[in-house]
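What follows is the residue order along each chain.
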Amino acid sequence: MSVILKTDKLRVEYRSRELGQAVKVALNGLDLEVSTGEVFGFLGPNGAGKTTTINCLLGFVQPTSGAASLFGIDVRQPIARQRIGYLPEMTYYYKFLTGEELLRFYASIFALTGAEADKRIDQTLKLVELDAARKRLIKTYSKGMQQRVGLAQALINNPDLLILDEPTSGLDPLGRMKVRDIIQRLKNEGKTVFFSSHELGEVETVCDRVAIIAEGSLKAAGRVQEIMRGHPTLEKAFLNIIGYQADKN
Amino acid sequence: MRNVLAIAKVVLLEMYRRKEFYVLFILTIVICLIMGSINIFNDNQIIRYLKDLCLLLIWVSSLIIAITMTARQIPAEREQRTLLPLLAKPLSRNQLIFGKFLGCWIVCGLALICFYAFFGALAASREHQWPLLHYLQAAFLHWMVLGVVVAMSLLGSLVFAAPSSNSTIIFAICAAIMCVGRYLDQIAAPMHEPARSIVYFIYYAIPHLEIPFGMRNLIVHDWPIIGWNFVFLDALYLLAYLVFFLIAAGLIFRRRAIN
């Protein structure tokens, strides 16, 4: 198995625009490695640096120091994003487009046109169960449908690596189950999935390995069973690793 | 170029499915038709006033379309968070900026075709003539001006926090240039230093949008068309500003954190 996602001593500092405000360290020397075919869960409390890490991996935020690469290519190069799919948290897609038009637009950025694009659009819409709503404007979609059309756009190029930022956030139990099923199917197809989540139950179910970060630093990384060793659930292990003690609070 | 055209196509679809253009177009038509139907003091030359007012309305409407449409492009992408999945694709930020620019500029061109076609039909119904070359020169330079305005608004949308403040500032700048731009050197001449140098600097630095704006007079007063070499020189002059604003927008957007 080769490493396809790597961060090397990644550090991100945010400087406040207000005078006298200290520099905020969002990531502090983060080292991560994800190999092909893995489903990798990225965990941490709110403000731990999960989204900042993903933003660095996608080139949205420039690291203060350190490096990040996808498929061995520096993330600052647009070509590094050729073989990835990305689902951001809480996105409201172009409401003046239909589901099919949205996917055709994203497909054209990957140079997918004609019959090839039609085929991928059909496949992804069937996978996310939106085939019947393909001609409807996105503004008429429910929240769960919007999340699934987001997943469809992330899969339009048949990516080797899928980066999902809290994919089940805000969804009802049925919506969560559908997204989880899709991740499971991608795992069975041998795709690499890197996702951040607060749903520890689903992480425990679908992930091969997890990493836990808190305050911008990596606290633990390894197989789910290794992380859970000595704890009845992943949640207990997580709380222990981030240093949360119930009796203190 | 494929990515740029894909972005531009989405801008076109957005404008096609939104109602702003239709509202402005219908409003312009209604005002022009009402004005065209009256004849104050039985003046035989009333058609000139009608043409002048119609062209002024077309300029104002086209500026409103260009500025408001462009000013919300990038802020809306940020607010709706569609910028994230878009830039997570193999698409550079410069391609995004250029795609947005191209889409907005094409929309402005299509709007101008509708406006000038209506104006031509209205004027022809009263004067029984169709000076196509005049319209072509005026519309072409008008479109070039809108290109500069679109590029300026795109740059403004990266500098100013809210689309409303950006729209207001760009509209005020355009109005100021068109109204007093040509007189700035005369205003500067009697001034004392350093005010004189500052006003002269502004005079030479601003894009002089008032030259194409003055092309209205050719149509209003039925003057002969101007030389095409002058038209292309002015177009080149405006193109230089357009490129400058686009490069500035690209440089600002290149290193901006998106989250």
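Below you will find a few notes about this structure. (Residues numbered from 1 in each chain as written. Chains lettered and ligands numbered in written order. Predicted model: local features only at pLDDT ≥ 70, side-chain atom pairs only at ≥ 80, totals over all residues. Heavy atoms only, no water.)

## Thoughts on the packing of helix H7 (residues 132-159) of chain B against helix H13 (residues 228-254) of chain B
Residues and elements named next belong to chain B.
So, point 1. Between H7 and H13, the shortest axis-to-axis distance is 8 Å and the interhelical angle comes to 15 degrees. Viewed along their axes, H7 and H13 adopt a mutual orientation that is roughly parallel. For the pair H7 and H13, the sense of crossing is left-handed.
So, point 2. The residue inventory of the contact of H7 with H13, partitioned by class, reads 27 nonpolar, two polar and one charged. (Axes fitted to C-alpha atoms, helices over the stretch in contact; angles between N-to-C directions. Helix = DSSP H or I, 4+ residues; strand = E, 2+ residues; numbered from the N terminus. Parallel < 35°, antiparallel > 145°, perpendicular 65-115°, else oblique. Left-handed = near helix turned anticlockwise from the far one by under 90°. Nonpolar A, V, L, I, M, F, W, Y, C, P; charged D, E, K, R; others polar.)

## Re the interface of chain B and chain A
Interface size is often expressed as the accessible area that is lost when the parts come together.
So, point 1. Of the residues lining the interface, 27 residues belong to chain B; the matching set on chain A comes to 31 residues.
So, point 2. Buried area between chain B and chain A, both sides added, is near 2,600 Å², and the carbon and sulfur share of it is 62%.
So, point 3. A salt bridge links B:Arg17 to A:Glu101, with the nearest nitrogen and oxygen atoms 2.7 Å apart.
So, point 4. Elements supplying a minimum of two residues to the side of chain B that touches chain A: helix H1 (2-17) and helix H5 (83-87) of chain B.
So, point 5. In terms of residue count, the dominant contributor to the side of chain B that touches chain A is H1(B) (eight residues). (Contact = heavy atoms within 4.5 Å. Buried area = accessible area lost by both parts, 1.4 Å probe. Salt bridge = Lys/Arg side-chain N within 4 Å of Asp/Glu carboxyl O.)

## Brief notes about the packing of helix H2 (residues 20-37) of chain B against helix H3 (residues 46-71) of chain B
All names here are of chain B.
So, point 1. At a minimum axis distance of 10 Å, the contact between H2 and H3 shows a crossing angle of 170 degrees. As the angle between them shows, H2 and H3 are arranged roughly antiparallel. Side by side, H2 and H3 meet where Phe21, Leu24, Thr28, Ile31, Cys32, Met35 and Gly36 of the first sit next to Leu50, Leu53, Cys54, Leu57, Ile58, Ser61, Ile64 and Ile65 of the second.
So, point 2. Split into classes, the residues belonging to the contact of H2 with H3 amount to 12 nonpolar, three polar and no charged.

## A look at a nonpolar patch on the surface
So, point 1. Judged by side-chain polarity, B:Leu233, B:Leu236, B:Leu239, B:Val243, B:Ile247 and B:Leu251 come together as a nonpolar surface patch covering roughly 550 Å² of accessible area.
So, point 2. With respect to the secondary-structure elements, B:Val243 resides in helix H13. (Patch = residues over 30% accessible without salt bridge, like charges linked within 9 Å, V, L, I, M, F, W, Y side chains within 5 Å. Areas by Shrake-Rupley, 256 points an atom, 1.4 Å probe, with all protein chains shown as cover.)

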